[in-house]
Amino acid sequence: MVPAIVSRVRRMAGTRDIFNAFLDVPPVPVYSTQTGILAGLRLAVKDIFDVAGYRTGCGNPDRFAEATPAEKTAEAVERLLMSGAKFVGKTQTDELAFSLMGMNAHFPQPVNPAAPDRITGGSSSGSAAAVAARLANIAIGSDTAGSIRVPASFCGLIGLRTTHSRIPLTGAMRLAPSFDTFGWFADDIETYEAVGRLLLGPDTHRSALVRPVTITRIDALVAGKPESRAYEDAIEIVEKATDLTELESPFASTIDELALCLRRLQACEAWRLHGDWLTAKPRRLGPGIMERFQFGAGIDEKTLNAESVRRIAFRTELAETLGKDGFLVLPTVPGSAPLKQASLGELQAFRDQALMLLCFASLSGFPQISLPVGEVHGAPFGISLLGPPGSDIALIRLGRRILQTAGKV
């Protein structure tokens, strides 16, 4: 039985900019070198990553209150600082990084500079807003079920979910360790690739990605006719840059089953990692957060084992589909960002549909990059490329070609 949780929502320190991207906390000097490939570039850091001298609040007032200032900076962030990037602040995140919408009840909503009447997406919401508003050149985030890819699509940015475990998450809060990955946003493709080369090193996948693949009926997951047209336009851009083929679904599980598999496994891991803290005493939590954790608490061992088997089988099927030279092309999310005035029910429905597209990379651990090549209802709409494990740099460079073809570079 899961103990009842009391939710008493009140604001933390708030934000310090008109886009509500950065936390309003007392500044602490953070050392960085004056030279290096990132010299002069401004670096923002999602508030699940430690930065020496700052408390890591993870989007929750109780976590912030109980935290002590970090003694060391997260490993990957430190590498950027030692390559010349200048720290300019910590960015807002959804509570415990367990959301996709970027709407933390303890903070004012981040503003989506590309579509101010729409949400930014989360949980890397503040980082996306900071780069889209040009308040930072580089912003660090994370992706468990889509928290780099979703804000990238919503805000018109490039966003890579890296191959699982390729970049260390030392010094970061974990949500669901077998899904958590490091990611970042940047304000141009050159900077994006420079960060990638620095943190990723050479690709372990040696073959060129020359065979784009689409899966039949994926287009049925987009939200409506304008979205379908935008997806078709994006496919045409990919076809101009490559030579695209279409396959019948090669997976034994349906997309609905794969999305549910992701939800179950992620929530179970999240509960096992955070359940003791959540139930130690009443916690201040926004709407929907505790419910997601409790969903994981209710998953029995039989279900967990069955979904783990499903995940392994899917990973094998996807690897066979891609082979050495293939990459999957799909919409990042079903459509443009939901409007700010959307109801909780509408947001949940969008989230459920989005997970059907996001689950491929999350379940497999393979890299996926979202590219800002489309537009729907006057707002950004991203197209994604998903490659074999270890093909992260190849995806970034392929993304550059597609952006050039689309006239976006």
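So, how was this worked out
- Residues numbered from 1 in each chain as written.
- Predicted model: local features only at pLDDT ≥ 70, side-chain atom pairs only at ≥ 80, totals over all residues.
- Heavy atoms only, no water.
- Helix = DSSP H or I, 4+ residues; strand = E, 2+ residues; numbered from the N terminus.
- Rg over C-alpha atoms; globule rule 2.2 N^0.38 Å.
- Buried < 20%, exposed > 50% of the residue type's maximum accessible area, 1.4 Å probe, protein only.
- Contact = heavy atoms within 4.5 Å.
- Areas by Shrake-Rupley, 256 points an atom, 1.4 Å probe, with all protein chains shown as cover.
- Lys, Arg positive; Asp, Glu negative; His and termini not counted.
- Charge placed at Lys NZ, Arg CZ, Asp CG, Glu CD.
- Pairing = 2+ DSSP bridges.
- Axes fitted to C-alpha atoms, helices over the stretch in contact; angles between N-to-C directions.
- Parallel < 35°, antiparallel > 145°, perpendicular 65-115°, else oblique.
- Nonpolar A, V, L, I, M, F, W, Y, C, P; charged D, E, K, R; others polar.
- Expected span 1.5 Å × (residues − 1).
- Arc of directions from axis to C-beta.
- Polar contact = N/O pair within 3.5 Å; in protein donor to acceptor, adjacent residues only side chain to side chain.
- Patch = residues over 30% accessible without salt bridge, like charges linked within 9 Å, V, L, I, M, F, W, Y side chains within 5 Å.
- Salt bridge = Lys/Arg side-chain N within 4 Å of Asp/Glu carboxyl O.
- pLDDT = per-residue confidence, 0-100.
- Phe/Tyr/Trp six-rings, centres within 6.5 Å; stacked < 30°, edge-to-face > 60°.
- Lys NZ or Arg CZ within 6 Å of the ring centre and 35° of its normal.

### Examining the overall build of the chain
- From N to C terminus, the chain includes 11 helices and 10 strands.
- The globule rule puts the C-alpha radius of gyration for 409 residues at 22 Å, and the 20 Å found for the chain is close to it.
- Taken over the C-alpha atoms alone, the chain extends approximately 55 × 55 × 40 Å along its principal axes.
- Relative to its 409 residues, the chain shows a buried fraction of 61%.
- Long-range pairs, those at least 24 residues apart, make up 78% of the contacts in the chain with a sequence separation of at least 6.
- When the accessible surface of the chain is totalled, it reaches about 15600 Å², and 52% of it is carbon and sulfur.
- Measuring between centres, the 43 positive side-chain charges of the chain sit 4 Å from its 43 negative side-chain charges.

### Remarks on the pairing of strand β3 (residues 138-143)
- Most of β3 is tucked away, with 6 of its 6 residues classed as buried.
- In β3, alternate side chains face the same way, and those of I138, I140 and S142 on one face and A139, G141 and D143 on the other are all buried.
- Two strands pair when backbone bridges link them, and strand β1 (residues 42-46) and β3 are joined in this way by 3 bridges, in the parallel orientation. Residue V45 lies in a different strand from β3, and its bridge partner there is I140.

### A short note on the sheet that holds strand β6 (residues 211-215)
- Strand order across the open sheet formed by 6 strands is β4-β9-β10-β8-β6-β7, with mixed pairing between neighbours. Each edge of the sheet is formed by a strand with only one pairing partner; in this case those strands are β4 (159-161) and β7 (245-247). Geometrically, the sheet is characterised by an average inter-axis angle of 35° between neighbouring strands, direction not taken into account.
- One ladder, built from 3 bridges, connects β6 with β7; its direction is parallel. Among the inter-strand pairings, I215 is bridged to a residue of β7, identified as L247.
- Those strands touched by helix α9 (residues 301-322) are β6, β7, β8 (326-331) and β10 (379-386), and its axis lies near 110° from that of β8.

### Quick word on the sheet that holds β3
- The strand order β2-β1-β3-β5 describes an open sheet built from 4 strands, whose pairing is mixed. Two strands lie at the open edges of the sheet, namely β2 (86-91) and β5 (181-186), each paired on one side alone. Averaged over all pairs of adjacent strands, the angle between strand axes in this sheet comes to 30°, irrespective of strand direction.

### So, the packing of helix α7 (residues 255-279) against helix α8 (residues 289-297)
- It is at 6 Å that the axes of α7 and α8 come closest, and there the two elements cross at 100°. With respect to each other, α7 and α8 are oriented roughly perpendicular. Here L260, R263, R264, A267, C268, A270, W271, H274 and L278 of α7 come into contact with α8, specifically with M290, R292, F293, Q294, F295, G296 and A297.
- Residue classes in the contact of α7 with α8 are distributed as 10 nonpolar, 3 polar and 3 charged.

### Some points on α9
- With 22 residues, α9 should reach 32 Å at 1.5 Å per residue; the first-to-last C-alpha distance of 32 Å fits that figure.
- Those residues of α9 lying buried are L304, E307, R311, F314, E317, L318, T321 and L322. One face of α9 carries all of its buried residues, which in axial projection span an arc of 150°. Structural note: α9 exposes K302, V309 and E320 on the side pointing more than 90 degrees away from its buried face.
- The inward-facing, buried residues of α9 abut β6, β7, α7, β8, α10 (344-364) and β10.
- With a side-chain oxygen lying 3.3 Å from the backbone nitrogen of K302, the N-terminal cap of α9 falls on D300.
- Downstream of α9 by one or two residues, G323 has phi in the positive range, about 60°.

### Focus on a negative patch on the surface
- Together, D219, E232, D233, E236, E239, D243 and E246 make up a negatively charged patch on the protein surface.
- With 4 residues, helix α6 (residues 225-241) is the largest single contributor of residues to the negative patch.
- By the secondary structure assignment, E246 is in strand β7.
- Note on E246: relative accessible area 56%, which makes it exposed.

### What to know about the side chain of T91
- Locating T91 in the fold gives a position in strand β2.
- A polar atom in the side chain of T91 sits 2.8 Å from the side chain of S127.
- Not counting residues within four places of it along the chain, the set of residues in contact with T91 comprises A21, F22, L23, A44, V45, K46, D47, G126, S127 and A130.

### Here's the deal with the confidence of the model for the chain
- The predicted model of the chain averages 94 in pLDDT, with 97% of residues at 70 or higher.
- With pLDDT under 50 throughout, residues 1-11 is counted as low confidence; its partners more than four residues away or in other chains account for 30 contacts.

### Focus: the packing of aromatic side chains
- For the structure shown, the criterion picks out 9 aromatic pairs.
- An aromatic cluster of at least three residues, connected via ring pairs, comprises F49, F182, W184 and Y192.
- Positioned above the aromatic ring of W277, the side-chain terminus of R283 is 3.9 Å from the ring centre.
- The lysine or arginine in question, R311, covers the ring of F179, its NZ or CZ lying 4.0 Å from the ring centre.

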